[in-house]
Amino acid sequence: MRNAALWAPGLALLAAVFALPLAEAVWTSLHQVWLQRPGEAPFVGVENFALLLASERFWAAVRHTGLFAVTSVALELTLGVGLALVMHRTRARGRALVRGAALVPWALPTVVAGLLWAWILHDRHGVANHLLVSLGAISTPLVWLGEPALAMSSIIGADVWKTTPFVALIALAGLQSIDRGVYEAGSLDGATGWRAFVHLTLPLLRPALLVALLFRTVDAVRVFDLVYVLTRGGPGGSTETVSVLTYMILFQELDVGRASAAGLLTGAAAGAVALVYLRVLRWGGAS
Amino acid sequence: MKRLALPLVALILCTAPVLWQLRTALTPTDELYRVPQAWLPARPTLDHLAAVFATRPFGRNLLNSAIVATGAAVLALALAAPGAYAASTLRLRGGRLLLGAALAAALVPPISLVTPLFRILNRLGGLNTYAGLIVPHAALAFPVALWVLAAYFRGLPRELREAAEVDGCSAAGALWRVLLPASAPGLATAGILAFIASWNEFLLALTLAGADRVQTVTVAIAFFPGIEEFPWGEIAAASVIVTVPVVVVVLLLQRRIVSGLTAGALGG
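Residues numbered from 1 in each chain as written. Chains lettered and ligands numbered in written order. Predicted model: local features only at pLDDT ≥ 70, side-chain atom pairs only at ≥ 80, totals over all residues. Heavy atoms only, no water.

A. Structural detail: the overall build of chain A. Secondary structure assignment for chain A yields 12 helices and 0 strands. Listing every helix and strand of chain A by position from the N terminus yields α-α-α-α-α-α-α-α-α-α-α-α. Reported as C-alpha extents along the three principal axes, the dimensions of chain A are approximately 75 × 70 × 35 Å. Once local pairs closer than 6 in sequence are excluded, the contacts in chain A between residues at least 24 apart make up 66%. When the accessible surface of chain A is totalled, it reaches about 12,800 Å², and 66% of it is carbon and sulfur. Of the side chains in chain A, 20 bear a positive and 16 a negative charge, and the two mean positions are spaced by 12 Å. (Helix = DSSP H or I, 4+ residues; strand = E, 2+ residues; numbered from the N terminus. Contact = heavy atoms within 4.5 Å. Areas by Shrake-Rupley, 256 points an atom, 1.4 Å probe, with all protein chains shown as cover. Lys, Arg positive; Asp, Glu negative; His and termini not counted. Charge placed at Lys NZ, Arg CZ, Asp CG, Glu CD.)

Given below as structure tokens:
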């Protein structure tokens, strides 16, 4: 191959960090491997997968992950498009200001964002309870991270705060690439305001939004940092996602084989989501 | 005034939680636990900022993060620049293969890699070493770097490359002597995005490099909370220290970062 020296090193890096470990994971998932006994590894077939698929804890983690992914991505997409429209309509200097502010949550390490919200949502000393009580929205302080439904809502809220701006920036780039002539032509046909948004803006934004949706959904399916920092999967396992469960199987139960199987199932789920989106994208591109 | 209401709300929603953390970092502990809390500290203090460095190896954590993130960004750029050149300007088959592999890699959940990478690095003696974290971080940052650079190279004038060929440069020579010098802004964007991705990464840093001497800032902060007490002032102080440099860079270069993000997200 001509000039292979240009692309082969990059391919080697991806092979070393992605392909090789995934192959290793397939092997360990078919064996019984314990972290504290590295020497022994009897072949057990698909037993690790069977154990996972038969466990209530695994399906609970799948449900939590699904709930988190669907809710957070839907909110981020809706609010992101809204924020993009706000930025798009604001004049030059104001737009730069809002865009700069929108980059702040994105630039924060997720761990830092998680701890920031843990403090704001603190049941006794948090500013969220203080504000809500003094505004009369709630009568007594809520234990945000101590009750299942509230804890999941808190995690979703923190994720929406952190990643809506990212969706907004992508949507804004999409908005800016729409030719103004489209709206002028549309207004002749009576498409103004809400009708113009539904019939002109949204269809033209579709490619950009689908790409944002693809990356956000895959990210949501593999959520780890926020859950780890905010609840460690609690209370009572009610916010445990598949990534957190995999981590626990590896470092608490020390079961390498089953952790590999869980990691592969998570990867398969992310891959399936991506395939669906890519198919829709390609179909959208062809039409 | 009405036109300004929504942008103002957006501005406050994005920044207020971070400003609250800054306020917490400057508030003495006894005031933090007073109910109700005051909006601003009555006696502002730098105690938490000092305690972070005096009672914890946080300086070392910062150094570790800087070393890992710099290493990861440099390695990602060194491999992504020629790759992007092969994929965009030269349109080599191998280059297109690399673009496809990068897309597939970007979709792999890091949790799927944790268990096998832990085992592989354990065998190679690479756990709790800089290299053992730099290489995976570089690979995680590689796809976006590749897309950003490919998009940038595509935007360069065709004459640039043709001039290099007339001068009798090899492909590598044209990249090194003509394309790269003209691509400083693209390289800076890709490098900063890779640096931030590594600086902010938690899962692999936690599992592959948890030991004190290589521990990065995100892992250190996550372990600030003890069994009994949560040192909220110190957590806020450390968060501010970790966040300020990144936010300053991002705000200074916001135009480039936004175009890089969009290029990255839209697959170049």
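B. Representation of the nonpolar core in the model. Counting residues in each nonpolar core, the largest one holds 179 residues, and the members touching the most others are Trp106(A), Phe58(B) and Phe153(B). There are two domains that each give this core at least three residues, and those are domain 1 (1–45) and domain 2 (57–265) of chain B. With residues up to four places along the chain from it excluded, the contact list for Phe153(B) reads Ala81(B), Ala84(B), Tyr85(B), Ser88(B), Thr89(B), Leu175(B), Leu179(B), Leu180(B) and Ser183(B). (Core = buried A, V, L, I, M, F, W, Y, C linked by side-chain atoms within 4.5 Å. Buried < 20%, exposed > 50% of the residue type's maximum accessible area, 1.4 Å probe, protein only. Domains from an automatic or database assignment.)

C. Region of the structure containing the interface of chain B and chain A. The interface of chain B with chain A comprises 87 residues on the first partner and 84 residues on the second. Both sides together, the interface formed by chain B and chain A hides about 7,400 Å², and carbon and sulfur atoms give 80% of it. Applying the counting criterion to the chain B and chain A interface returns 2 salt bridges. A salt bridge links Glu24(A) to Arg123(B); the nearest nitrogen and oxygen atoms lie 2.8 Å apart. For the pair chain B and chain A, the interface holds 11 residue pairs in polar contact (both at pLDDT 80 or more). (Buried area = accessible area lost by both parts, 1.4 Å probe. Salt bridge = Lys/Arg side-chain N within 4 Å of Asp/Glu carboxyl O. Polar contact = N/O pair within 3.5 Å; in protein donor to acceptor, adjacent residues only side chain to side chain.)

D. Quick look at the pattern of salt bridges. Within the structure shown, the criterion is met by 15 salt bridges over all chains. Measuring nitrogen to oxygen at the nearest pair gives 2.9 Å for the salt bridge that ties Arg119(B) to Glu24(A). With one member in each of two chains, Arg119(B) in helix H6 (residues 110–124) and Glu24(A) in helix H1 (residues 4–29) form a pair that bridges those chains. Under the relative-accessibility criterion, Glu24(A) is labelled buried at 13%. Because the salt bridges share partners, they merge into one network encompassing Arg57(A), Glu240(A), Glu253(A), Asp255(A) and Arg258(A).

E. Quick look at helix H4 (residues 58–87) of chain B. The terminal C-alpha atoms of H4(B), which comprises 30 residues, lie 42 Å apart, in line with the 44 Å expected from a rise of 1.5 Å per residue. Along its length, H4(B) shows its largest kink, about 25°, at Ala80(B), and proline Pro82(B) lies within four residues downstream of that point. (Expected span 1.5 Å × (residues − 1). Bend = angle between axes of the 7 residues up to and from the residue.)

F. View of the confidence of the model for chain B. Across chain B, pLDDT averages 90, with 95% of residues at or above 70. Within chain B, helix H8 (residues 158–166) of chain B has the poorest average pLDDT of any element, 73, and helix H11 (residues 203–208) of chain B the best, 97. (pLDDT = per-residue confidence, 0-100.)

G. Structural context of unusual backbone geometry. Of note, the amide linkage connecting Gly234(A) to Pro235(A) takes the cis form, showing an omega dihedral of -10°. Within the fold, Pro235(A) resides in the loop between helix H10 (225–230) and helix H11 (242–251). Located in the positive-phi region is Asn128(B), a residue other than glycine, with phi close to 55°. Topologically, Asn128(B) is positioned in the loop between H6 and helix H7 (130–155).

H. Representation of the side chain of Glu24(A) within the structure. A distance of 2.8 Å separates a polar atom in the side chain of Glu24(A) from a polar atom in the side chain of Arg123(B). Excluding its chain neighbours within four sequence positions, the residues that come into contact with Glu24(A) are Pro116(B), Arg119(B), Ile120(B) and Arg123(B).

I. Quick peek at the packing of helix H4 (residues 92–107) of chain A against helix H7 (residues 148–176) of chain A. All names here are of chain A. Relative orientation of the contacting elements H4 and H7 amounts to 140°, with a least axis distance of 7 Å. Taken together, H4 and H7 sit at an angle that is classed as oblique. The element H4 and its partner H7 pack so that their crossing is left-handed. Two secondary-structure elements touch here, H4 through Arg 95, Arg 99, Ala 102, Leu 103, Pro 105 and Trp 106 and H7 through Trp 161, Lys 162, Pro 165, Phe 166, Leu 169 and Gln 176. When grouped by side-chain class, the residues that make up the contact of H4 with H7 number 8 nonpolar, 1 polar and 3 charged. (Axes fitted to C-alpha atoms, helices over the stretch in contact; angles between N-to-C directions. Parallel < 35°, antiparallel > 145°, perpendicular 65-115°, else oblique. Left-handed = near helix turned anticlockwise from the far one by under 90°. Nonpolar A, V, L, I, M, F, W, Y, C, P; charged D, E, K, R; others polar.)

J. Expanded view of the packing of H1(A) against H6(B). Axis separation between H1(A) and H6(B) bottoms out at 8 Å; the angle between their running directions is 95°. Our classification of the angle between H1(A) and H6(B) gives roughly perpendicular. For the pair H1(A) and H6(B), the contacting residues are Val17(A), Phe18(A), Leu20(A), Pro21(A), Leu22(A), Glu24(A), Ala25(A), Trp27(A) and Thr28(A) in the first and Ser112(B), Leu113(B), Pro116(B), Leu117(B), Arg119(B), Ile120(B) and Arg123(B) in the second. Class assignment of the residues belonging to the contact of H1(A) with H6(B) gives a composition of 11 nonpolar, 2 polar and 3 charged.

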